[in-house]
Amino acid sequence: MIAKSLLIGLMSLVLASCGATPKQESAPVQVNGSSNINRPTLFLATPEFAGNLDVDKVANECFMLQTLSDSIRASAETYQANILVDKSRNSEMPDEYMLRVTYIDVTPHRWVLFSLRPSSTATLKVDIVRNGEVVRSTQKAIGSGVALGACDRLEKIAEAGGRFVAKWSTQQDYN
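Residues numbered from 1 in each chain as written. Predicted model: local features only at pLDDT ≥ 70, side-chain atom pairs only at ≥ 80, totals over all residues. Heavy atoms only, no water.

1. Section: the overall build of the chain
Secondary structure assignment for the chain yields 4 helices and 6 strands. Put simply, the chain runs from its N terminus to its C terminus through helices and strands in the order α-β-β-α-α-β-β-β-β-α. Relative to its full complement of 175 residues, the chain shows a buried share of 36%. Within the chain, counting contacts between residues at least 6 apart in sequence, those at least 24 apart form 69% of the total. Summing over all exposed atoms, the chain offers an accessible surface of approximately 11,100 Å²; the carbon and sulfur share of this is 54%. (Helix = DSSP H or I, 4+ residues; strand = E, 2+ residues; numbered from the N terminus. Buried < 20%, exposed > 50% of the residue type's maximum accessible area, 1.4 Å probe, protein only. Contact = heavy atoms within 4.5 Å. Areas by Shrake-Rupley, 256 points an atom, 1.4 Å probe, with all protein chains shown as cover.)

Here's what the structure looks like:
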């Protein structure tokens with residue numbers, strides 16, 4: 001009797017999950033009522049690690065920088081940010097706005113009191129640069145303790161960092 005009830009419950013759960021509708025795509029979000037029509041395009045420089053970081057293992061084994069770049073590109077569409085990812089424009093061009101994203105701190109394994117597994121943190125520095133001068137700048141520390149592996153946690157951090165960069169750039173008046 002219990003086995004029969006358990007089997008019926010399991011079958012109904014499977015049928016209910018199969019009948020779920022797929023998630024619909026939402027329209028791009030407009031942040032704080034701002035419009036980017038009059039803002040010049042930001043050219044995304046290749047994201048990098050700061051020179052003083054000892055992250056050779058992270059750079060070689062994890063896809064943190066690529067995940068960050070992909071997340072910025074995807075989030076730029078969501079937040080209607082004028083960010084152009086152009087690999088041919090890695091050097092600063094006069095009178096153009098460059099978006100420079102640098103990891104200034106990366107901790108792949110960090111133990112927190114009363115935790116059962118390590119977590120990871122990374123700090124992003126984001127600069128809007130024109131003619132070699134920083135027009136706007138910010139820093140954001142992001143942490144994750146969700147994934148089991150260090151690379152998985154760092155890639156989750158990079159994805160969140162990309163969303164932050166795109167959203168932050170829409171809120172800046174750099175023109």
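2. Re the pairing of strand β5 (residues 119–130)
Residues in a regular strand project their side chains so that they alternate between the two faces of the sheet. Within β5, 10 of the 12 residues are buried, which leaves the element mostly enclosed by the surrounding structure. Between β5 and strand β6 (residues 133–144), which follow one another and run antiparallel, lie 2 residues, and N131 among them has a positive phi close to 55°. (Pairing = 2+ DSSP bridges.)

3. A closer look at the state of the cysteines
By the definition in use, this model includes 1 disulfide. Disulfide pairing is shown between C62 and C151; the S-S distance is 1.9 Å. Judged by the torsion about the S-S bond (-75°), the C62/C151 disulfide is left-handed. Of this pair, C62 sits in the loop between α2 (56–61) and α3 (64–78) while C151 sits in helix α4 (residues 150–170); the two residues are 89 residues apart in sequence, bridging distant segments of the chain. (Disulfide = S-S within 2.5 Å.)

4. As for the nonpolar core
Core analysis: the biggest nonpolar cluster contains 32 residues, and F49, M64, I83, L99, V101, Y103 and V106 have the highest contact counts within it. Broken down by secondary-structure element, the contributors of at least two residues to this core are β1 (42–44), α3, β4 (97–110), β5 and α4. The element that contributes the greatest number of residues to this core is α4, accounting for 6 residues. Contact partners of M64, with chain neighbours within four places excluded, come to F49, V58, Y103, V106, A122, L154, E155 and A158. (Core = buried A, V, L, I, M, F, W, Y, C linked by side-chain atoms within 4.5 Å.)

5. Section: a nonpolar patch on the surface
Nonpolar side chains collect at one region of the surface, where V112, L113 and F114 lie side by side and expose about 400 Å² of accessible area between them. Position of L113 relative to the elements: it lies in the loop between β4 and β5. (Patch = residues over 30% accessible without salt bridge, like charges linked within 9 Å, V, L, I, M, F, W, Y side chains within 5 Å. Salt bridge = Lys/Arg side-chain N within 4 Å of Asp/Glu carboxyl O.)

6. A short note on the packing of aromatic side chains
Using the criterion set out here, one finds 2 aromatic pairs in the structure. Here the aromatic rings of Y97 and Y174 are separated by 5.1 Å at their centres, their planes lie at 65°, and the arrangement is edge-to-face. Pair noted here: Y97 is in strand β4 and Y174 is in the segment after α4, with a separation of 77 residues, a long-range link. Like Y174, Y97 is buried. (Phe/Tyr/Trp six-rings, centres within 6.5 Å; stacked < 30°, edge-to-face > 60°.)

7. Overview of the environment of F164
Take F164: it is sitting in helix α4. In this structure the C-alpha to C-alpha distance between F164 and V126, which are 38 residues apart in sequence, comes to 9.7 Å. In this view, F164 contacts V126, T138 and K140; residues no more than four positions away in its chain are not counted.

8. Here we look at the pairing of β4
Where β1 lies against β4, 3 bridges are found, and the strand directions are parallel. Within β4, the position partnered with L42 by the bridge is Y97. Relative to β4, strand β2 (residues 48–49) is paired through 2 bridges, and the arrangement is parallel. Opposite E48, over in β4, you have T102 as the bridge partner. Alignment of β4 against β5, held across 11 bridges, turns out to be antiparallel. For M98, the partnering residue across the bridge sits in β5 and is V129.

None of this, on its own, says anything about what the molecule does.
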